[in-house]
Amino acid sequence: MASMSSPRETPTGLPGFRLWPGALDAAAQAVLLDQVLAAARTAPFYRPVTPGGRPFSVEMTGLGPLAWVSDRAGYRYQPTHPVTGEAWPPMPQALLDLWDALTGWPVPPDACLVNLYRLDAKMGLHQDRDEADLTAPVLSVSLGDTAVFRIGAAEGGRTQSLKLASGDVCALTGPARLARHGIDRLLAGSSQLVPGGGRINLTLRRAR
Ligand SMILES: O=C(O)CCC(=O)C(=O)O
Ligand SMILES: [Fe+2]
């Protein structure tokens, strides 16, 4: 995909937190969104609950061999959709290429979580730590409405907030792999990309 062959990286001030604003141009965003929405016709977005039984404000689905799920039994990666029982649809090649181009990590991602944020959806501050190898990067792609993203060092202390717009890609690597992060809110109506409004976030991970 030529449109994302040489994305520009911008400094973030948090070592290991890497950001490539506009890594996907409008055409690449539209193609990727179509692929995600096509996959969601067989692997529909569903609303997970926390182990304590509270519904997430975000809806989720997955792509690839594994995807992250949460329910009464806890957090885990699994090979099947929790509602349909079917295998997750394959990960689009463009995502595998993006992982190679931006992270250079020698092993491909085996999990892609797809988060759908409508209206007032948000995601509380957390660490991504359900993966077997916590040195492998997490690569995150934003589509649709701009999100106010919050991130701070794993050890605690101050957080910083920055906006993630449609086409932006970021990564948690090295010292930021266990950074605390979350989504405070969306800037509603900032993009027309996602039908029905809102934001779709794709996170590529090495789960096993
Ligand atoms: O939506 C985002 O940008 C962050 C998603 C996230 O942190 C996660 O799925 O673990
Ligand atoms: Fe996360």
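A brief look at the structure comes next. Numbering of residues starts from 1 in each chain and follows the order in which that chain's sequence is written. Labels follow written order: the first chain is A, the first ligand is 1, and so on. Totals for whole chains, interfaces and linings use every residue, but because this is a predicted model, local features are given only for residues with pLDDT of at least 70 and side-chain atom pairs only at 80 or more, for both listing and counting.

## Notes on the nonpolar core
Selection criterion: The nonpolar core is taken to be a set of buried Ala, Val, Leu, Ile, Met, Phe, Trp, Tyr and Cys residues joined by way of C-beta atoms within 7 Å. Buried residues are those with 20 or more other C-beta atoms within 10 Å of their own C-beta, exposed residues have 12 or fewer, and partly exposed residues lie in between; C-beta atoms are placed from the backbone. Each helix is a run of H or I in the DSSP string that is no shorter than four residues. Each strand is a run of E no shorter than two, and both are numbered from the N terminus. A pair of residues counts as a contact when their C-beta atoms, built from backbone coordinates, are within 7 Å of each other.
Grouped together as the largest cluster of nonpolar side chains are 48 residues, with contacts concentrated most on Ala67, Cys112, Val114, Leu139 and Val169. With six residues, strand β5 (residues 111-117) is the single largest residue contributor to this core. Once residues lying within four places of it in the same chain are set aside, the contact partners of Leu139 are Leu98, Trp99, Leu102, Thr103, Val169, Ala171 and Leu204.

## Let's talk about helix α2 (residues 93-103)
What counts is decided by this rule: The directions considered for the arc are those from the helix axis to the C-beta atoms.
Every buried residue of α2 is accounted for by Leu95, Leu98, Trp99 and Leu102. Down the axis of α2, the buried set is contained in an arc of 100°. They therefore lie on one face. The secondary structure elements touched by the buried residues of α2 are β1 (17-20), β5, β7 (138-144), β10 (169-172) and β12 (199-205). Two residues or fewer after α2 comes Gly104, characterised by a positive phi angle close to 65°.

## Remarks on helix α1 (residues 26-42)
What counts here: One fewer than the residue count of a helix, multiplied by 1.5 Å, yields its expected span.
The terminal C-alpha atoms of α1, which comprises 17 residues, lie 25 Å apart, in line with the 24 Å expected from a rise of 1.5 Å per residue. Where α1 is concerned, the buried positions are Gln29, Leu32, Val36 and Ala39. End-on view of α1: buried residues confined to an arc of 95°, all on one side of the axis. Pointing more than 90 degrees away from the buried face of α1 are the exposed residues Ala26, Ala27, Asp34, Ala38 and Arg41. For α1, the secondary structure elements touched by its buried residues are β2 (59-63), α2, β5, β7 and β12.

## A look at the site of ligand 1
Put simply, the rule reads: Residues are counted as near a molecule or strand when the C-beta atom, derived from backbone positions, lies within 6 Å of that molecule or strand. Residues are sorted three ways: Asp, Glu, Lys and Arg are charged, Ala, Val, Leu, Ile, Met, Phe, Trp, Tyr, Cys and Pro are nonpolar, and all the rest, Gly among them, are polar.
For ligand 1, the full set of nearby residues is Leu113, Asn115, Met123, Asp128, Ser140, Ala147, Phe149, Leu164, His181, Ile183, Asn201 and Thr203. Counting only elements with at least two residues in the shell around ligand 1, the list comes to β5, β8 (147-152), β11 (180-186) and β12. Tallied by class, the residues present in the shell around ligand 1 amount to six nonpolar, five polar and one charged.

## Focus: unusual backbone geometry
The backbone of Leu119 sits at a positive phi, close to 35°, despite the residue not being glycine. On the secondary structure map, Leu119 appears in the loop between β5 and β6 (123-126). With 12 C-beta atoms counted inside 10 Å, the residue Leu119 sits in the exposed group.

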